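Overview (structure and organization)
This is what each chain is made of:
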Amino acid sequence: ELSLMCDTVAVDSPPPARARVATVVLQPMLTLMNALPIGSLTISLGDGNTPSWQEVEVPSMERRNTYELPGAGRAAQLLVRARLAKNAPWSESVAFQRKTIC
């Protein structure tokens, strides 16, 4: 199974060229997996530019797919942190360069 998020932009060039240029951006989904035999894992995604984080809860022995990443492709990095319970502290953030995953 292959799932992709697609964004297209079409631009008409000014005369005299009379050409239409299209850009297509394909972004694969990000799959988050919880291989822990007990409890839920909450994963939080951020971009480092805004104080808000996108949280995804992944039940034990399941996976979740996310198609929207924070920053909508504008941020240079994706920050990921996790916690094992609602009242547990967050882990240290791990930074991924966005160009390596998008």
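Structural data are supplied above this passage.
This one's a predicted model, so the numbers in the text were calculated from it and none came from an experiment.

Regarding the overall build of the protein chain
The helix and strand tally for the protein chain stands at one helix and eight strands. Along the protein chain, helices and strands appear, N-terminal first, in the series β-β-β-β-β-β-β-β-α. When each of the 102 residues of the protein chain is scored for burial, the buried share is 23%. Of the contacts made within the protein chain by residues no fewer than 6 positions apart, 47% connect residues no fewer than 24 positions apart. For the protein chain, the exposed area adds up to about 7300 Å²; of that, 57% sits on carbon and sulfur atoms.

Regarding the environment of Leu45
Within the fold, Leu45 resides in strand β4 (residues 41-46). What makes Leu45 buried here is its relative accessible area of 0%. Spatially, the C-alpha atom of Leu45 lies 6.9 Å from that of Leu78, the residues being 33 residues apart in sequence.

So, the environment of Arg20
Tracing the sequence through the fold places Arg20 in strand β2 (residues 20-28). We classify Arg20 as exposed; its relative accessible area is 60%. Beyond its immediate chain neighbours, meaning those up to four positions away, Arg20 contacts Ala10, Val11 and Asp12.

Some remarks on the pattern of salt bridges
Think of it this way: side chains of opposite charge can pair up when their charged atoms draw near. For the structure on display, the rule yields three salt bridges. A salt bridge links Glu55 to Arg83; the shortest N-O distance between them is 4.0 Å. Of this pair, Glu55 sits in strand β5 (residues 54-58) while Arg83 sits in strand β7 (residues 77-83), placing them 28 residues apart in sequence. For Arg64, the salt bridge goes to Glu62, with nearest N and O atoms at 3.2 Å. For Arg64, a relative accessible area of 33% puts it in the partly exposed group. Note on Glu62: relative accessible area 37%, which makes it partly exposed.

Scoring rules and cut-offs
- Residues numbered from 1 in each chain as written.
- Predicted model: local features only at pLDDT ≥ 70, side-chain atom pairs only at ≥ 80, totals over all residues.
- Heavy atoms only, no water.
- Helix = DSSP H or I, 4+ residues; strand = E, 2+ residues; numbered from the N terminus.
- Buried < 20%, exposed > 50% of the residue type's maximum accessible area, 1.4 Å probe, protein only.
- Contact = heavy atoms within 4.5 Å.
- Areas by Shrake-Rupley, 256 points an atom, 1.4 Å probe, with all protein chains shown as cover.
- Salt bridge = Lys/Arg side-chain N within 4 Å of Asp/Glu carboxyl O.

Everything listed here is a matter of coordinates, which is why it stays silent on function.
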